[in-house]
Every structure is written in C-alpha cells, then in structure tokens.
Amino acid sequence: MLKNVPLSAVIGLFITASYFLAAIFASVISPYGMAETVGDVWEPSRIGYMLGLMPEGTPRPEYWLGTDQIGRDLLTRMIYGGQTTIFIATAATILSFVTGSVLGFLAAVTGGWFDQLMSRFVDLMMAIPSLILALVILSSIEATVLTLIVLMGLLDSTRVYRLARAVAVDISVMDYVEAARLRGEKLAWIIFREILPNALSPLVAEMGLRFIFMVLFISTLSFLGIGVQPPLADWGGIVKENKDGINFGIGAALYPALAIATLAISVNLVADWVLNRTTSLKGGRG
Amino acid sequence: MTDPLVKVRGLRIGATVYPPGEKPHDIEIVHGVDFDLMPGKVLGLIGESGAGKSTIGLASMAYGRGGVKITGGEVWVNGRDILKASLGDVRKLRGGEVTYVSQSAAASFNPAKQIMEQVTEAAISQGKFGKKEAEDRAVSLFRKLGLPGPDTIGKRYPHQVSGGQLQRCMTALALCPEPDLVVFDEPTTALDVTTQIDVLAAIKDAIRDTGVAALYITHDLAVVAQVSDNIMVLRMGDMVEYGPTDQIINHPQEDYTKALVSVRSIDHPEKAPAGEPVLKCEHITARYKGTSFDVLHDVTVALYPGQTLAVVGESGSGKSTLARVITGLLPPRQGKIVFDGRELTPDQPSRPIEDLRELQMIYQMADTAMNPRQTVGTIIGRPLEFYFGLKGAEKQKRIQELLDEIELGDGFQDRYPAELSGGQKQRVCIARALAAKPKLIICDEVTSALDPLVADGILKLLLNLQASENVAYLFITHDLATVRAIADSIAVMYQGRVQRYGTKTDVLSPPFDDYTDLLLSSVPEMKLGWLEDVLANRKMESAGN
Amino acid sequence: MHPVLTLVVQRLALGILLLLAASALIFGLTEILPGDAAQAILGQAATAENLANLREEMGLDRPALTRYFEWLGGIVTGDMGNALTNKLPIADQIAFRMSNTLFLAFWAALISVPLAILLGLIAVRYQNRWPDKLISGVTLASISLPEFMIAYILIFFFAVQLFWAPSFASINDGMTLLEQLHAISLPVAVLTLVVLAHMMRMTRAAILNVMQSAYIETAELKGLTTFNVIYRHAFPNAIAPIVTVVMINLAYLVVGVVVVEVVFAYPGMGQYLVDAVVKRDVPVVLTCGVIFAAVYIVLNIIADVVSILANPRLRHPK
C-alpha cells in the first residue's frame, strides 16, 4: 500500500498520526493529571540530563521534560496541551472546509447574484487581516473552546471559499462539464460526479495547510491571553505560562515550539505529496 | 565545390522526463541524424509531433529547450563543431551566424519593449552594425516583408500589432544581423490560412533576396514544398527519407512519406439534398452577453439526414458560435432553429430530453472533453444509462459494441483518458456521441489538434459511421482540405455572415465571390510552384481590375 | 483621460469604498456581539438600571448608524475619544505608539526586502541545486512556527545565553539611534525572519515565471550574455510581480508586529491593541483595529496600482 509513497510523505504521515494518537489517548499516556502539581518550580528535564547538558554530579531528574512554572509535569502539560490545540484546530478546519467549500461550489455552479454577494463579502473579509478581526471580536465575546472554534472556522472559511470557487469555476468551464450539461444532467450529477472528483485533491492539500494555519492561529491567540483560558492547557498557553523562565535560561517555553514545528512540517510533507499526486495525474501525457 | 554551411553527423539528443509515479529518467528523442545544408539553400524538416524536428533545429544553435541535452554527434557550422565550442563562441554564433523564428511570435517578443529595439538588438550586440545602420536595415526589412508603415512600426509594442504582422517582425528580427542561417520553427502554423500565404510569401522572398540559408520546420508538407530545396522526413527521432523536394513530393520512396503525401486524398462523392432537413437554421442573429455587437448575422443554413454540412471559416468568423446557438448554450437574439421538423426552444435547459439526445456534440480537444477521473466505460456508458436506462450486462455489451465500432476493441473499458493517445481519445468521444443514437452530431474542429495521419483515420471513421448509422454531421472547421474530404454541402462564413452556401460542387466551383476566392486559393497544395502560381494569378487579377 | 489613469482612479475609488466597508464591518461586529462599553465598565454585577443610565450618559442609546459616523468622523479628524480604562485620549496614545511601530516596521522592511529579493535571485540562479534547497528548507521551517515562538527561540539563544541583545525592547527619546537599533535588534530579526520566508518564496516564483517565458529564450538565442538576458529582458517584466510580493509582505509584516510587540514589551500599536482586548476596552480596540486594517488595505491597493502601471498592454494601448 505504501509502495508508491515517497519517504518524506511516509515520515510526515507517521509523525502526524503519532500526534493525533497522543491527543486522542492523552489521559491514558500522560504520567500525571493535567492540573496536578507534582514537584518544584521549573525542575530540570531528564532528557537534558541524558544528553549530558548538565554539570557532572547533578542527580538524575525525575521528570522527562521537567516541570512548569508552578511545578506541574511538563510532559503531561504538553500532551494535554496538544490535545486541546489539535482538537480546536481540527474542529475549526472542518468547520472552515464544510462552510467554505459548500458555499464556494454553489457560487461557482449557480453564479448570478448569490455568487456576486458571497464573493464581494469574502473580498471584504479578506481585506482585513484575520488576527485583527479575531482581536476585535474577542474583545466583545467570552473566549471558550466553542467560540474559538466557530470564530476561527468562519474567519478561515473565506480562504477555503475562494479556493473552492476558483477550482470549481476552472472545472465547470471544461468541455466535459459542458458535455454533461448538454446531455441534460441534473445539478447534483454535475457537482458530485463531474466537478467534485476533480476538485478533491487540491482541496485536500489545502486542508493540510489550513490545519497548520489553525494550529499557529490558536497558539498565537492563547499566547496573547485571549485564546484558550487556564486551567486548560494548550501549546500557546504553555509558552505564555513559562515565558518568564526564558530569562533565567530555562527552556520550558520552547517545547511547544518543537511540537508545533514538527507537526506543521509533517502535515506540510503530506500535503505536498497529495498535491504532487494531483498534478501528475492532470499532467499525464499521451 | 563549396563546403556545406551546416554539416550534421550522428546527432543524438536526449531529454529528462518526469513520468507520474516514477523516478525521472533520460530518454533519447533523436537517434542519430545526418544532413548537409549548402549556403543559401533551404532544407525542410517535416514530421508529426514528437518527430524531433524542432529539437534538431535548435541543436543547430547548440541549444536545448527545458531538459533537452545533445548527447552525441557533431554539428558543424561554418567549419567548426559548435557542440565543442566555448560558451563565448556559441554566443557569437547565436544571433550572429544563426538566428531563430519561433511559432508564436506573440510569446517570443518581450511585451515590455518596443519592436525596433528587439529587432536590432542581436545585430548591435554582436557588433555587426551600429545602432543607426541596424535600424535602417530593420526598416528596409519591414518594407520587404510587406509590413504596413515600415518607418513607424518599430516604435510600437508587440501587443499593438496583429499576429501575422508580428510573425513578419520576428522574421525581420532573424534577418537583421545578416545571418548565414535562419531556423524557421513552424512560423505560419498559428496563423489563419489567408494570413499564412502572405507570411509564407514574405519569408520566401526574404530568403531569396538575402541569400540566407534556412532550416524550415513544419508538420505541413504542402507548406514546406513551397519554400525548400531539400526535404528531410522525420518520424519519432529517426530520419525516414531525405532528398530534393521534387523527389519527396512527386516520387516518395518510403511508405510513411507516401502516406504523408497522399493524406487528405479521401474521396467522398457528395450526396444531393434529399428529404426534409434534419436541421434548419433560419435567420439566426446572436451576440454574447455583455457585448454590443452581433457575432452572427442572419445565418440561414439547412442540413439533410445522413449528410454533412461543413461550416468553414477563419478565426472570428462565428462558426463556433453557430454551434453554441444550435446546442442552446447561447440563445439567439433573432431567428429560429428547426430540428427534425420541430422548432427547438432557444435555451438548452428547457429542451426536452429527446431533443438533447438526438443532438450530440464532439469537441476539438478530446483531452478536456472527457472527465479525467472517469474510465472509458463510464464515459461511454453514461449516455446509455441516462437516455436508455441500460444497466449491467446489457450496458456492458452495448459499450463493447460501440468500442468495436470505433475500432478500439477489447481492454479499453477500464482505461482512463490519460492512458489513451490523441486519436484514441477522439474516438472515445465519438463513441460517447454515438451512444445516444443521435440524428445530428456537431463536430467542432474535431481533427485540428491531431497529426495529419491520425486525423485522416478519424475522418474515415466518421464517414463509415455516417454510412452505417445515417447520422448527420454539422462539421465546423477552418481546414478546407478536410471540407473537401467529407462535406456534402458547405457554408463559408466570414465575419459572422454566411458568405457562400450550397452543395460542395457549387461552393467549390467558380465564379467565386472575393472572400471565397481568397480563402480557397490560400490553401497550400501539395505541388511545387503552387505559391508562385497563386501570387501571379492574384497579381494578374488585381491588374485586370 | 489615458486608459491607465482611468484604471488607477477606479482602483483607488474601489479602495476607498473598501476602507469604508471594512470600518463599518469592524464597527458592526462589536455592535452585533453581546456586551458593550457600558457593560465592560460596570462588569457582570451591573443592574439593568445602572447599565441604562450609563448608556444614556455615554450616548450608547442613540442609533448605531449615528454613532458609526461620529466615530468615523472622529478618527478622520484625529479626535478618537477616550479609553475606557484610564480615561486618557486615545489619539495621544496612538500618535506616540504609531511612530514606535513604524520605526520597528521600517527597519524590519529595510532589512527583509533586499534580503528576500537577493535570496530569491540566488534560489532561481541555483534552481533545484543545494542553495535553492537549503533556502526552501529554512523557509519551510520558519513558516511552520508562529512569530512568538521564533521570538522566544531568538531570545533564549541571543539574549539569555549570549547576551548579544536585550530581551525587552524599550526605547525612549533619550537614546541615540544606535542604542535604539540595538534595543530593537531582536524584534527586527524576528519580523525579518517571519516575512523573509514568504517574500523569498514568492519572489522566486515570480522570477521563475518570467524566466520561463518564450521571450527569454529569444534573448538567449540572440547570443546575449546571461547578465544582459536578465537585465534587459527579465528585469523589466519582473518589477511588477516583485513589487506586488513586497507590498503583500509589508502588509503581512504589519500584522506580525502585533505579536512581536507583545513578546518584547515594545510600546507600539500592537501592544496597545492586545492590551485593550484583554481589558475589553472596546473604543481602543475599534480604533486600533481600523488603523491596522487601513494600513493593510492601503498596501494592497499600492500593489494593485503598481501592477496596473507596470503592464505594458495597459500603458501602451492599441
């Protein structure tokens, strides 16, 4: 099954899957409870010890990643944080895709005033940076997991709308769609049998990129203190909580950086592969 | 005896290909070609797509396009092997001794610079002429090539002149540095036929007057016969036949050359109009939404059952618009369409399913006419299911029958369009149209994207199917040779009007109106000296007027 | 009027319309959503009566449309009202913070734009060879991290471990330019890294697009040197796409400023905005939001106008 998949995509798939599994089974694999205080403030990490980064004679640390600013196990916080971050990002991505692609396809196939109205509104939304819009909205409403998902999903659906509409417009002017129309096919056949199969791959690849963007977005909001609220852990929040440690040379705030970067790069590798598969299918000569 | 200007020995050219799902690898696209070209002579390189003719042309400038690499052999120009020359020497050669005219002048001119600057650039940078001299020379070339306003055209930007004019500007660009050799790469292929003849004549005169040698690359044997002294026939990177033009055209030795020479010689006796017309277009006037001019004016034609009406015209004549009006994609402003005795509603969505079934369409680009995600079986099977409710084994049987009819046979049902050749794709599109058991098929330039031999096969198939299924064709084309091969009646269109309409014999027999005369006489014939004859005739006529 | 001028005027008019629509959208959002300034001042414990009184006092009971135009008029004339939290005039705060933000953005742009174009050119020159791959790899990594992460990584290594630069970017008028630059060196580095990746990728794509044109082949077949091919033929056609890339990324940089200012506690517009959001100071959020949106929109308009002006087909009509 993985015969034709390039190595980079296999690695990407593997790491992405590991993160999702860790998120799903967070309560099973975490050594401690999410809010449980287990040790002192900012205890050193065992990994650092094993890599020989500590002076000789230091006792072996208890916790793999050390502890955070109030003595909670950082590994546990990271796993639960990943759960929150990945859950919110996934839900927002799904919302953004369902809304954006349904409206985009409809606009492309029906055209007329619906298309005009939607497209102009999306132009307006995209003329303002998402972060600024999110800040304005979050100044008025309470940030909960649900409101964050809805907010991010709807803000981002404008981009999906544009892509879905553009892809569908490109496909709907193809002769084979005209041929189906001339045959007398109904709208449902044209959307689901002629357009959708050809639009799927670019949309799936875009989904990966949107997911990464969502992870970065929610992390940024939490870091600014207006995203996920304590005591819930998320990667952006862990940075916010532990950022003061940096000035004492304590790298606790940098673990989320590593997590976000590896997840983002892995998803990117998978998306690249999906996109390449699409273009090579289209570009088949002969 | 003088030495040859160009001497090519054992030329091998490779390219890196990137097939989907496989590792990139190298293939050979030219497998050892030899030829000589004497100073001031013209050699025609002819072949279908993939024959390697353009690649060989560019190799004479030591240039490989994209991933193309010259892998072996020798190319001697002016007494030195340019494949072994230094980069500096190659730069002296390019634009100095050897210059290039591409198929698409519109893309080959820099959009941001005036024409004069681009035409004189090589001559000046190679140190052949000073700026003033080069510009004078360019103006005289513009004049010689018959460009309007030769003194001022150089001040224009490329998008400000027409395609035919730009192609002549490109010829001026190539001739300006007084090269020894010009490589013409399909210079007239993208032009309308009435423009092609002028550009061809201009190129031929320019070659004769300047005494330059030329490599003339084209897929059209009739065109190359007009300009070259010798012809080399290429096929899939191999030389098939090489000899004087007269010998290749009049006494070809190889079967492949014979096929190329005899292509378009389908003999189709015309049928006289009989019975009630299957299609009548009455006083059709149409324009596109949001525009303010009519693209069709008062078009009236009729087509009889089991016959072919060829609608012929150049780009912008309105011939494809007529197809859109008939299919109901563009409702006309005035006039009506009568199909099989009943008037069709103007817009397609409100037509009854029976009307849609009986009127099918085949497109120019088979590539985009088939959903790349559907198999051949699905593509042909859908109309069977949609119109006749066929399912299961019955449908399979009918699909196979249709595949047999289009001469594809077993094993094609499960293939995807990307796995078919150009000709096979078009055959599948024909089968899809036939599956609906239509009374009329609109064929929109169905052979123009295909190589001549493949196109010939498609035309023969269409004629056979017409005989067995009694289906009528509305055949839209710009190619008069195709028209001669398959039409029963002809409508010549020009600027949205029917210029001439009648049976094939009537339309193609004198006396002609001016436009039809121009159109008919512009189609290159597979005959030496055809170009001179036509031009001489035109001169006489204009003198007589 | 010259057709290009007509197009430019049309584009500018459309831009003004967009600015108005964007301000209306931002204002409208805070209107539709629950809670207003009066609610924010009095908090959850407020009684309905207290709320109504305060609303009347603040003029919040008047129609939204009236208040929108007053607010818009205020922004245009420089009278932006007072902040809810400290009752200070918003205009004074913005004047001081805007210059700080522009100072930061200016230096980030000054470094990142030439660097991105240079790296883009290198990537094209060595297309698919190791310099290209290295540049793509680094950009992929920097795209995969949020701005604040890059900031803390830089702080961790350059401020804490190596002591090269301060981790808090406080500047004041008493400092010399050099001292100020030293203070903002890390935030500038972060912003540069953030936009560099995008800008370089887009520049690379824009130049490759030009280099693959048929007229570049024509120029090569004229025997021109590589320098002349690029200088005479590629460059005139690449200006417009590159300017577009730069403008889009400057717009992107403006947004990046928000987060970076928070990380480095830099007294700019971004920090002011985020602070106001946390404190639910709606008037400040509205004003800052509109200013950020306006800068973003104006930069995009400039990009469009440049590509209209650079198009030879529009400049020299038939």
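What you see is a predicted model; the values in this text were computed from it and never measured.

1. Digging into the overall build of chain A
Tallying secondary structure elements over chain A gives 11 helices and zero strands in all. Across chain A, helices and strands are ordered from the amino to the carboxyl terminus as α-α-α-α-α-α-α-α-α-α-α. With 286 residues in all, chain A has 53% of them scored as buried. Considering only residue pairs separated by 6 or more positions, chain A has 74% of its internal contacts joining residues 24 or more positions apart. For chain A, the accessible surface area stands at approximately 12,600 Å², while carbon and sulfur atoms represent 68% of it.

2. Quick look at the overall build of chain C
A count of helices and strands for chain C gives 14 helices and zero strands. Element order for chain C, N to C, with α for helix and β for strand: α-α-α-α-α-α-α-α-α-α-α-α-α-α. Summarising its shape, the C-alpha atoms of chain C cover approximately 85 × 60 × 35 Å along the three principal directions. Put simply, chain C has 318 residues, and 48% of those count as buried. Partitioning the intrachain contacts of chain C with sequence separation of at least 6 by distance along the chain shows that 70% fall at a separation of at least 24. For chain C, the computed accessible surface area is about 15,100 Å², with 68% contributed by carbon and sulfur atoms. Within chain C, one finds 18 positive and 19 negative side-chain charges whose respective centroids are separated by 18 Å.

3. Some remarks on the pairing of strand β8 (residues 213–218) of chain B
All names here are of chain B. In terms of residue burial, β8 counts as a mostly covered element, since six of its six residues are buried. Where strand β7 (residues 181–185) and β8 come together, five bridges link them in parallel fashion. Looking across to β8, one finds that F184 is bridged to Y216. For the handedness criterion, the β-α-β arrangement of β7, helix α7 (residues 193–210) and β8 is classed as right-handed.

4. Re a nonpolar patch on the surface
Residue and element names in this part refer to chain A. Together, L21, I24, F25, V28 and I29 line one region of the surface with nonpolar side chains, adding up to about 510 Å² of accessible area. Where the nonpolar patch is concerned, the elements lending two or more residues are α1 (7–24) and α2 (26–29). Mapped onto the elements, V28 comes out in helix α2. For V28, a relative accessible area of 63% translates into the label exposed.

5. Re the packing of helix α6 (residues 130–138) of chain A against helix α12 (residues 269–278) of chain C
Close contact between α6(A) and α12(C) brings their axes to 8 Å; oriented N to C, the two are set at 30 degrees. Regarding the angle of α6(A) to α12(C), the classification is roughly parallel. For the element pair α6(A) and α12(C), the recorded crossing hand is left-handed. Side by side, α6(A) and α12(C) meet where I132(A), L135(A) and L138(A) of the first sit next to L273(C), V274(C) and V277(C) of the second.

6. Regarding the pattern of salt bridges
Following the criterion strictly, the structure yields 50 salt bridges over all chains and no others. Across the pair E121(B) and K222(C) runs a salt bridge whose closest N-O atoms are separated by 3.0 Å. A residue pair is termed interchain when its members come from two chains, as with E121(B) in helix α4 (residues 115–125) and K222(C) in the loop between α10 (214–221) and α11 (226–263). On the basis of relative accessible area, K222(C) is assigned to the buried category, the value being 3%. Across the pair D294(B) and R333(B) runs a salt bridge whose closest N-O atoms are separated by 2.8 Å. Residue D294(B) is found in the loop between β11 (279–286) and β12 (296–303), and its partner R333(B) is found in the loop between α11 (319–327) and β14 (334–339); the two are separated by 39 residues along the sequence. On the accessibility criterion, R333(B) (45% relative accessible area) is partly exposed. One salt-bridge network, held together by shared partners, links D340(B), R342(B), E354(B), D355(B), R357(B), E358(B) and K439(B).

7. Structural notes on the sheet that holds strand β15 (residues 342–343) of chain B
Residue and element names in this part refer to chain B. The antiparallel open sheet is built from four strands, whose spatial order is β12-β11-β14-β15. Here the strands that pair on one side only, and so sit at the sheet edges, are β12 and β15. Both β11 and β14 contribute to a ladder of five bridges, which runs antiparallel. Counted as the bridge partner of L279 is F339 from β14.

8. Quick word on the interface of chain A and chain C
Between chain A and chain C, the contact holds 41 residues from the first and 42 residues from the second. Summing the contributions of chain A and of chain C, the shared interface buries around 3,600 Å²; its carbon and sulfur component is 81%. At the boundary of chain A with chain C, the tally comes to zero salt bridges. The tally of links between chain A and chain C comes to two residue pairs in polar contact (both at pLDDT 80 or more). Of all elements in the fold, only α5 (112–126), α6, α9 (187–223), α10 (235–246) and α11 (255–282) of chain A reach the threshold of two or more residues within the side of chain A that touches chain C.

9. Examining α7(B)
All names here are of chain B. Here α7 is 18 residues long and its end C-alpha atoms lie 26 Å apart, about the 26 Å a rise of 1.5 Å per residue gives. Those residues of α7 that sit buried are V193, T194, Q196, I197, V199, L200, A201, A202, I203, A206 and I207. Positive phi appears at G211, one or two residues downstream of α7, with a value of about 70 degrees.

10. Some remarks on the packing of aromatic side chains
For the structure on display, the rule yields 15 aromatic pairs over all chains. Look at F223(A) and Y152(C): their rings are 5.7 Å apart centre to centre, the planes differ by 75 degrees, and that puts the pair in the edge-to-face class. Of this pair, F223(A) sits in helix α9 while Y152(C) sits in helix α7 (residues 147–161), on two different chains. Pair check on accessibility: F223(A) and Y152(C) agree, each one buried. On the numbers, 5.4 Å between centres and 80 degrees between planes, the contact of F106(C) with W107(C) is edge-to-face. Clustering of aromatic rings is evident, with ring pairs tying together F223(A), F148(C) and Y152(C). A cation over a ring is seen here: K7(B) above W76(B), with NZ or CZ 5.5 Å from the ring centre.

11. Quick notes on the confidence of the model for chain A
When the pLDDT values of chain A are averaged, the result is 81; 86% of them are 70 or greater. Within chain A, the element-level pLDDT minimum falls on helix α3 (residues 46–50) of chain A, averaging 67, and the maximum on helix α8 (residues 175–183) of chain A, averaging 91.

Reading the values: the criteria
- Residues numbered from 1 in each chain as written.
- Chains lettered and ligands numbered in written order.
- Predicted model: local features only at pLDDT ≥ 70, side-chain atom pairs only at ≥ 80, totals over all residues.
- Heavy atoms only, no water.
- Helix = DSSP H or I, 4+ residues; strand = E, 2+ residues; numbered from the N terminus.
- Buried < 20%, exposed > 50% of the residue type's maximum accessible area, 1.4 Å probe, protein only.
- Contact = heavy atoms within 4.5 Å.
- Areas by Shrake-Rupley, 256 points an atom, 1.4 Å probe, with all protein chains shown as cover.
- Lys, Arg positive; Asp, Glu negative; His and termini not counted.
- Charge placed at Lys NZ, Arg CZ, Asp CG, Glu CD.
- Pairing = 2+ DSSP bridges.
- Right-handed = clockwise from strand over helix to strand, strands pointing away.
- Patch = residues over 30% accessible without salt bridge, like charges linked within 9 Å, V, L, I, M, F, W, Y side chains within 5 Å.
- Salt bridge = Lys/Arg side-chain N within 4 Å of Asp/Glu carboxyl O.
- Axes fitted to C-alpha atoms, helices over the stretch in contact; angles between N-to-C directions.
- Parallel < 35°, antiparallel > 145°, perpendicular 65-115°, else oblique.
- Left-handed = near helix turned anticlockwise from the far one by under 90°.
- Buried area = accessible area lost by both parts, 1.4 Å probe.
- Polar contact = N/O pair within 3.5 Å; in protein donor to acceptor, adjacent residues only side chain to side chain.
- Expected span 1.5 Å × (residues − 1).
- Phe/Tyr/Trp six-rings, centres within 6.5 Å; stacked < 30°, edge-to-face > 60°.
- Lys NZ or Arg CZ within 6 Å of the ring centre and 35° of its normal.
- pLDDT = per-residue confidence, 0-100.

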